[in-house]
Amino acid sequence: MDQSVALQETLQEEEKCVTAAQCLLLLGGATESRLLGLVQSKDEHALFIYSHRRMALSAEDVSLEDVFPISCDFSVVEVSSPDQLSIVGADTHVRVRVQEVELLLRLPFGSRTRLFLRDLKRVCSDVCKAPSRVPNFEWLSRYRPLPGGPAAAGAKQNVAPLGAKLNRLHPLPQLHRQRKAGKASVLEKNGAVVGERGPPGEAQRSGGPSRPEMYDSSRTEPSASSFSSPGRVGASSHTPSNKAQMLAMPQFRLRDNLIRCELLKNEEQYTYLKDYSFFLGTYNVNGQTPKENLAPWLSCTSSPPDMYCVGFQELDLSKEAFFFNDTPKEPEWLRAVSDGLHPDAKYALVKLVRLVGIMLIFYVRRELAEFVSEVEAETVGTGIMGRMGNKGAVAIRFRFHNSDICVVNCHLAAHIEEFERRNQDFKDICSRLQFRPQDPSQPLLSITKHSVVLWLGDLNYRISDLSLEHVKELITKKEFGTLHNYDQLKRQIDEEAVFVGFVEGDIEFQPTYKYDTGSDTWDTSEKCRAPAWCDRILWKGKNTKQLHYQSHMSLKTSDHKPVSSLLQIGMKVVNEEAYRKSFEEIVRSIDKMENECIPSVTLSQREFHFNDVKFMQHQTQTLRLCNDGQVPCQFEFIQKLEEPTYSKPWLTACPCRGFIAHGGFVDIELEVFVNRSTAPELNSGLQQIEDILVLHLVRGKDYFLSVSGNYLPSCYGTAISTLCRLREPIRDMSQEAVRALSDASAEEQPLGIPKEIWMMVDHLFRNAITQEDLFQQPGLRSEFEEIRDFLDTGVPDSLPGSNHSVAEALLLFLESLPEPVVPFCRYQQSLDSCSSADLCHKVISSLPQCHRNVFDYLAAFLRELLKNAAHNHLDVNILTTIFASLLLRSPSKQDLAEKRKTKEFFQHFLTQERT
C-alpha cells in the first residue's frame with residue numbers, strides 16, 4: 001500500500017510528498033516504526049519523519065515527529081546496523097546525517113523502498129551539484145514549533161525541534177549518571193490528579209503515534225525522590241532465550257551489549273519484591289450513556305487499590321464512531337469512571353486509549369505516580385481485512401518501579417459458533433500489537449514480553465452443548481462449576497488453543513450476558529440469547545495473587561453486567577546502592593575481556609528450499625548460528641554488489657542483524673511471503689523463488705546461503721484482462737501460456753468477467769444476501785487459503801468457506817489487482833465527474849470491456865444486498881466506504897477530499913439503476 005497518500009494529507013497544497021517508505025528507527029538496540037516522506041516545495045526538499053500506530057490509511061493514522069531539510073549538510077549512506085526483532089521485510093540500512101544529528105534507519109523490502117532510496121539519493125546529488133545556492137526552507141516553519149510558542153496553525157502535528165527526539169544514539173553511558181534535579185518525571189510533569197470532586201478535562205484519545213501523555217489538570221513540582229536512574233535496565237521483559245535478539249546494537253557498541261546482558265542476568269542482586277493492588281474492571285455498555293453511579297463496581301473493595309485498569313466495549317455503536325473513530329460518549333464514561341473511584345484515595349489519570357468502541361483507562365494513586373514511567377498505548381483492529389476497529393484490542397504498557405506491565409482490553413468476534421474466529425482474533429492481537437518504548441535502549445515489545453500481562457474484555461466465548469433451559473436451571477441452582485465445564489473459553493484453554501500460560505480465577509458468579517437492558521431478566525428478545533460468561537479477566541505473570549473475582553448485578557445500564565478482579569502483584573523495586581555496585585563490577589569484568597580475537601560461527605545449513613509457495617501464505621525455515629569462537633560476535637545480512645537490498649522482496653531474515661554472546665546461539669527465521677506487490681511477476685514467471693543471501697560477521701568472514709523454491713501461480717495478483725482469457729484454473733496452465741494470454745492482442749475470446757469473481761459473488765448472492773455483518777466481520781485465515789486454492793485449482797467442486805470468509809476473499813482479490821477495476825488512467829476523470837450521475841456513468845462506459853463488466857457486476861450485486869438491508873443491516877455508506885477505495889485506487893497519492901469524491905462517485909451506482 002502507498003502510504004504517501006496519508007502523508008500528503010498532512011501537507012499544504014503547494015507541497016508534495018514525492019515518495020514514502022516504511023522504516024525502523026534504530027536507537028541503541030531498540031526499534032521504533034516510522035514512516036519517511038520525501039517532501040518537495042518548489043525546488044526544495046526535506047525528509048519528514050512520522051510516527052504511526054498501524055498501516056497509514058489517512059492523516060489520522062500518522063503524526064509528524066521531525067523534519068530534516070535536505071541541504072549540503074544532509075547525507076545518506078548505506079551502513080552496517082543493528083539486528084531487528086520479528087518485523088517482516090527488512091532489507092537495507094542507511095545512516096542519515098544532518099549537521100550534528102545522526103539517524104540509523106532500517107528500510108523494508110520491496111520496490112517502494114528502492115524507489116524511495118533512488119529519489120532521496122537523486123535529491124541529495126542535485127543539492128551537492130549546486131553548492132553555491134543557499135536554500136532558506138521558510139516553508140518548514142509551518143511544521144516546526146517556533147521558540148516560545150506553539151506550532152504554526154497549518155501544522156496539525158506536534159513536532160519536536162530538529163533532531164531533539166532522534167539524536168539519541170549513545171544512551172547507555174548515562175547508566176552511571178543521575179538525572180539533573182528539577183526535571184520532572186513523566187507523571188509529575190503531565191499528571192492529572194483525580195480527587196473527590198470532578199474529573200480531569202476531556203480525555204485525549206491515544207493509541208496513536210505520538211508519545212503518551214498524562215492528562216493535565218494540576219501540576220506538581222517534582223521532588224528529588226521522584227527520579228530514577230535513566231539507564232536502568234529492567235530484565236522483566238527479557239529472558240535468556242531471546243537475549244540475542246534483544247541485544248541488537250550498532251557495530252561499535254559491543255561493549256554496551258555486554259553490559260546490558262550482564263545487568264539483565266544479575267537483576268535479582270539489586271531488586272526486591274513489594275506487593276501492590278491492581279483493580280481490573282471490564283464492562284460492555286452496549287452503546288449506552290452512563291445512567292447510574294459506577295461506585296458499586298469501582299469502589300467495591302474495602303481499601304483503595306493502588307491502580308485501576310478499567311475497560312469498556314461497545315462504547316458507541318453508531319456508524320460515525322465506526323468510520324470516523326469519534327464519539328461524545330468517551331468523555332461521558334470517563335467522567336462516570338472518575339466519579340466512581342474509591343473515595344479514600346486520590347488518583348492520577350495516566351492514560352486513556354480507544355479504538356472505536358473499545359476503551360481502556362489507567363489510573364494510579366497519586367503518591368505512586370512518580371514510579372510509573374515508559375507509558376505506551378497501542379491499538380489493533382481485527383475487523384474485516386484486519387483494518388476495521390469494530391473488533392480488536394487496545395493496550396497500555398508501562399513500567400512500575402522495575403517491572404514491565406501490559407494491560408489489554410479486547411472485544412472478540414461474536415456469535416456462539418464463532419469460537420475459532422475468537423481464537424484467531426486472540427492470536428492476531430498477540431502477534432500484531434507491539435509497543436515502541438520511550439527508552440531507546442529497549443527493543444520493540446510485544447504483549448508477551450512483559451513480566452505481567454493483564455487481559456480483560458468481552459471475549460465473547462459462550463456456553464455450548466447445553467439447552468437454554470438447562471443453562472438457566474444450573475444458574476438457578478448456582479451450580480456454576482458444572483456450568484463452567486461447558487464454557488468455550490475453558491475448553492479452548494484446556495486444549496491450549498488460546499491464552500496459554502494465562503490464569504483465570506474460579507468463577508463463582510452467574511453469567512454476565514445477556515440481560516434485558518435495565519433489568520436482571522434474561523434476554524427476552526426474539527433471538528433469546530443464552531446466558532454466557534462473555535466478560536472475563538485473566539492474567540499471566542509471577543508473584544500474582546487474586547483477591548476477588550466477581551460480577552456486579554446492581555448495574556443495569558447495559559445488557560451485560562460489569563466484572564471486576566482485584567490482584568495483588570509483587571513488583572520489582574530497585575535497591576539503588578546494590579544496582580550501582582553491580583554496574584561497576586560488570587564494567588570492571590568487561591575491561592578484562594576486550595581482545596583482538598576473530599569471531600567465528602557455525603551454520604546449521606546453507607541451502608534452503610521452499611516447496612509450493614502460495615500467495616499470502618507464510619513459509620519459514622530456521623537457520624541456527626552458533627558462536628564457536630573465543631569472543632562475542634555480531635552478524636548481518638548484507639546486500640550483494642549493485643543490489644539495493646540484501647534479499648529479494650519476497651524474502652526476509654528475522655533477525656537480519658544481531659549479537660551472539662560467547663558460546664551462545666541465535667535462531668534466524670528465513671521467511672518467504674508473496675503479497676500483492678510481488679505476486680504479478682511471480683505469476684507470469686518473470687521472477688522466480690531464487691536468491692543468494694550473504695551473511696557477514698563483523699571483523700570476520702562472509703557466508704553464502706542459497707534460497708530456492710517453487711511458486712504456485714494464483715489468480716490473486718493477476719490482471720483482470722488476463723483472467724478473462726483464462727478458461728481453466730490458473731494452476732492448470734503453464735506460465736508461458738499465462739504470459740501469452742496477458743497480451744491484449746491475443747485471439748482468445750475473453751469471458752465477460754473473470755470466473756473467480758463470478759464464483760465468489762455468485763456464492764454470496766445465493767447464500768449471504770441476508771447475512772448480518774457481511775463485509776464487516778472477517779473470515780478465518782484457514783478458510784481464505786481454502787478459497788484461494790479452489791479458485792486457483794478448481795478443487796474441490798464447490799467454493800469452500802463461510803460467508804464471511806468468501807466476502808473477505810473477494811475484497812482481498814480486488815485489493816490485489818495490479819490494475820484496479822477503474823484503471824489508474826481513469827482515476828482523475830472519475831473524481832472530476834463525482835457530482836454528476838450521468839458523467840459517472842459515462843466514465844464507466846468508457847472503460848475497457850472486461851473492467852466495465854466487472855464494475856457493473858459488482859455494483860448490481862451490492863444493489864441486491866441493499867434491497868435486503870432489513871436483514872443484513874447494510875447501507876450505502878458502509879458499502880461505499882468499503883468498496884470505493886478498492887475499485888477506484890489512486891495511482892499515486894490521495895487526500896481526504898479525494899476519498900470523499902471516490903465514495904460520492906461510487907454511490908451513484910448503488911442508489912439508482914443504470915439505464
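Each chain has its residues counted from 1, running along the sequence as written. In keeping with the model being predicted, local features are shown solely for residues with a pLDDT of at least 70 and side-chain atom pairs are shown and tallied solely at 80 or more, while totals for entire chains, interfaces and linings include all residues. Note that water and hydrogens are dropped before the side-chain values are worked out from all heavy atoms of the structure.

(A) Inspection of the nonpolar core at higher detail. Of all hydrophobic cores here, the largest spans 97 residues; its most connected members are Phe637, Tyr716, Phe775 and Phe883. Excluding residues that lie within four positions of it along the chain, Phe637 makes contacts with Leu623, Tyr646, Ala653, Pro655, Cys656, Arg657, Ile668, Leu693, Val694, Leu695 and Leu705. Remark: nonpolar core denotes a set of buried residues (Ala, Val, Leu, Ile, Met, Phe, Trp, Tyr, Cys) joined through side-chain atoms within 4.5 Å. The buried label goes to any residue with under 20% of its type's maximum accessible area, the exposed label to any with over 50%, and the partly exposed label to all in between, with areas taken from a 1.4 Å probe on protein chains only. We call two residues in contact when some of their heavy atoms are within 4.5 Å.

(B) Representation of the environment of Tyr703. For the purposes of this entry, the term helix denotes a DSSP run of H or I that reaches at least four residues, the term strand denotes a run of E that reaches at least two, and both are numbered from the N terminus. Its place among the elements puts Tyr703 in strand S30 (residues 702-711). Judged by relative accessible area, which is 3%, Tyr703 ranks as buried. Apart from residues no more than four positions distant in its own chain, Tyr703 is found in contact with Val601, Leu603, Arg606, Leu693, Val694, Leu695 and Leu697. Two N or O atoms form a polar contact when they lie within 3.5 Å of each other; inside protein one atom must be a possible hydrogen donor and the other a possible acceptor, and for residues adjacent in sequence the pair counts only when both atoms belong to side chains. At 3.3 Å, the side chain of Tyr703 and the backbone oxygen of Val601 are in polar contact.

(C) Seen up close, the packing of aromatic side chains. Any Phe, Tyr or Trp ring, taking Trp's six-membered ring, that has another such ring centre within 6.5 Å forms a pair; planes under 30 degrees apart are called stacked, those over 60 apart edge-to-face, and the others tilted. A complete count under the given rule lists 29 aromatic pairs for this structure. A centroid spacing of 5.0 Å and a plane angle of 45° characterise the contact between Phe426 and Trp455, whose relative ring orientation is tilted. Here Phe426 is found in helix H9 (residues 419-432), whereas its partner Trp455 is found in strand S18 (residues 452-458), with 29 residues between them in sequence. An angle of 45° between the planes, with centres 5.5 Å apart, marks the rings of Phe905 and Phe909 as tilted.

(D) Inspection of the pattern of salt bridges at higher detail. The term salt bridge refers to a side-chain nitrogen of Lys or Arg lying within 4 Å of a carboxyl oxygen of Asp or Glu. Counting across every chain of the model gives 39 salt bridges. Its salt-bridge partner being Arg118, residue Asp119 comes within 3.4 Å of it at the nearest N-O pair. The exposed category is assigned to Arg118, whose relative accessible area is 55%. For Glu374, the salt bridge goes to Arg399, with nearest N and O atoms at 3.6 Å.

(E) Examining the side chain of Ser299 more closely. You can see Ser299 is positioned in the loop between helix H6 (295-298) and strand S10 (307-313). Of note is the side chain of Ser299, whose polar atom sits 3.3 Å from the backbone nitrogen of His342. With near-sequence residues (within four places) excluded, Ser299 lies in contact with Tyr308, Gly340, Leu341, His342 and Pro343.

(F) Examining the packing of helix H17 (residues 755-767) against helix H19 (residues 803-816) more closely. Each axis is a line fitted through C-alpha atoms, and for a helix only the stretch in contact is used; angles between axes span 0 to 180 degrees, taken between their N-to-C directions. At a closest axis distance of 10 Å, the pairing of H17 and H19 adopts a crossing angle of 145°. When the axes of H17 and H19 are compared, the crossing they make is left-handed. In this structure, H17 uses Glu756, Ile757, Met760, Val761, His763, Leu764 and Asn767 to contact H19, whose residues at the interface are Asn803, Val806, Ala807, Ala809, Leu810 and Phe813. Under the scheme applied, nonpolar residues are Ala, Val, Leu, Ile, Met, Phe, Trp, Tyr, Cys and Pro; charged residues are Asp, Glu, Lys and Arg; polar residues are all the others, including Gly. For the contact of H17 with H19, the per-class residue count stands at nine nonpolar, three polar and one charged. In a left-handed crossing the near helix is turned counterclockwise from the far helix by less than a right angle, and in a right-handed crossing that turn is clockwise.

(G) Highlighting the environment of Cys840. Summarising the element assignment, Cys840 is placed in helix H21 (residues 837-845). In this structure, the C-alpha to C-alpha distance between Cys840 and His908, residues 68 residues apart in sequence, is 7.5 Å.

(H) Structural context of H17. With 13 residues, H17 ought to run about 18 Å at 1.5 Å a step, and its terminal C-alpha atoms sit 18 Å apart, in line with that. In this structure, the buried side of H17 is in contact with helix H15 (720-723), helix H18 (781-793), H19 and helix H22 (849-867). Here the expected span of a helix is defined as 1.5 Å times the quantity of residues minus one.

(I) View of the sheet that holds strand S29 (residues 690-697). Strand order in the open sheet made by the five strands is S23-S30-S29-S25-S27, with mixed pairing throughout. Strands at the two margins of the open sheet, each flanked by one partner only, are strand S23 (607-613) and strand S27 (657-660). Averaged over all neighbouring strand pairs, the angle between strand axes comes to 20°, with direction disregarded. Judged from the four bridges that link them, strand S25 (residues 633-638) and S27 form a sheet pairing that is antiparallel. In the strand pairing of S27, Gln634 is matched with Phe659. What makes two strands pair is DSSP finding at least two bridges between them.

(J) Layout of the pairing of strand S9 (residues 271-284). For S9, a buried count of ten out of 14 residues is recorded, marking the element as mostly surrounded by other parts of the structure. Across seven bridges, S9 lies against S10 in parallel orientation. Among the inter-strand pairings, Gly281 is bridged to a residue of S10, identified as Val310.

Purely spatial values, then, with no claim about function.
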